[in-house]
Amino acid sequence: MFEGYLECPLCDADVPVSQEDKIGDELFCACCLASLKLKKKSDAWDRDDFYLDEDYG
Ligand SMILES: [Zn+2]
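My aim in this report is to walk through the structure given alongside it, one point at a time.

So, how was this worked out
Residues numbered from 1 in each chain as written. Predicted model: local features only at pLDDT ≥ 70, side-chain atom pairs only at ≥ 80, totals over all residues. Helix = DSSP H or I, 4+ residues; strand = E, 2+ residues; numbered from the N terminus. Rg over C-alpha atoms; globule rule 2.2 N^0.38 Å. Buried ≥ 20, exposed ≤ 12 C-beta atoms within 10 Å, placed from the backbone. Contact = placed C-beta atoms within 7 Å. Core = buried A, V, L, I, M, F, W, Y, C linked by C-beta atoms within 7 Å.

1. As for the overall build of the protein chain
Link 1 in the chain: When you go through the protein chain residue by residue, the secondary structure sums to 0 helices and 5 strands.
Link 2 in the chain: Taken from the N to the C terminus, the helices and strands of the protein chain come in the order β-β-β-β-β.
Link 3 in the chain: For 57 residues, the compact-globule formula gives about 10 Å, and the C-alpha radius of gyration of the protein chain, at 10 Å, lands near that figure.
Link 4 in the chain: Viewed in the frame of its principal axes, the protein chain has a C-alpha envelope of about 30 × 20 × 20 Å.
Link 5 in the chain: Counting only residues that meet the buried cut, the protein chain has 12% of its 57 residues in that class.
Link 6 in the chain: Long-range contacts, defined here as pairs at least 24 residues apart, represent 21% of the contacts in the protein chain between residues at least 6 apart.

2. A word on the environment of Asp 55
Link 1 in the chain: Relative to the elements of secondary structure, Asp 55 occurs in the segment after strand S5 (50-54).
Link 2 in the chain: Along the backbone, Asp 55 and Glu 26 are 29 residues apart, and their C-alpha atoms lie at a distance of 7.8 Å.
Link 3 in the chain: Sequence-distant contacts of Asp 55, that is, excluding residues within four places in its chain, are made with Glu 26, Ser 35, Leu 36 and Lys 37.

3. Topic: the nonpolar core
Link 1 in the chain: One finds Leu 6, Cys 8, Val 15, Cys 29, Leu 36, Leu 38 and Leu 52 forming the largest nonpolar core, which totals 7 residues.
Link 2 in the chain: With residues near it in sequence (within four places) discarded, Cys 29 still touches Cys 8, Leu 10, Cys 11, Ala 13, Val 15, Ala 34 and Leu 36.

4. Comments concerning the environment of Ala 13
Link 1 in the chain: Tracing the backbone through its elements, the reader meets Ala 13 in the loop between strand S1 (4-7) and strand S2 (14-17).
Link 2 in the chain: When the C-alpha atoms of Ala 13 and Cys 29 are compared, they prove to be 7.6 Å apart, with 16 residues separating the residues in sequence.
Link 3 in the chain: With near-sequence residues (within four places) excluded, Ala 13 lies in contact with Cys 8, Cys 29, Cys 31 and Cys 32.

Structure (structure tokens):
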């Protein structure tokens with residue numbers, strides 16, 4: 001992964017991402033306390049492809 005921030009899909013807050021985080025990992029938004037999953041749009045390892053999705057369980 002990369003060190004940086006991804007947008008929370010619920011409240012648009014910046015959620016910190018660390019280099020140890022992997023696709024499918026669970027992250028928590030410190031702003032709205034939502035449980036989020038780290039996902040990727042395509043197979044390209046492009047930084048813009050990573051996003052956070054609501055964790056539906
Ligand atoms: Zn949030």
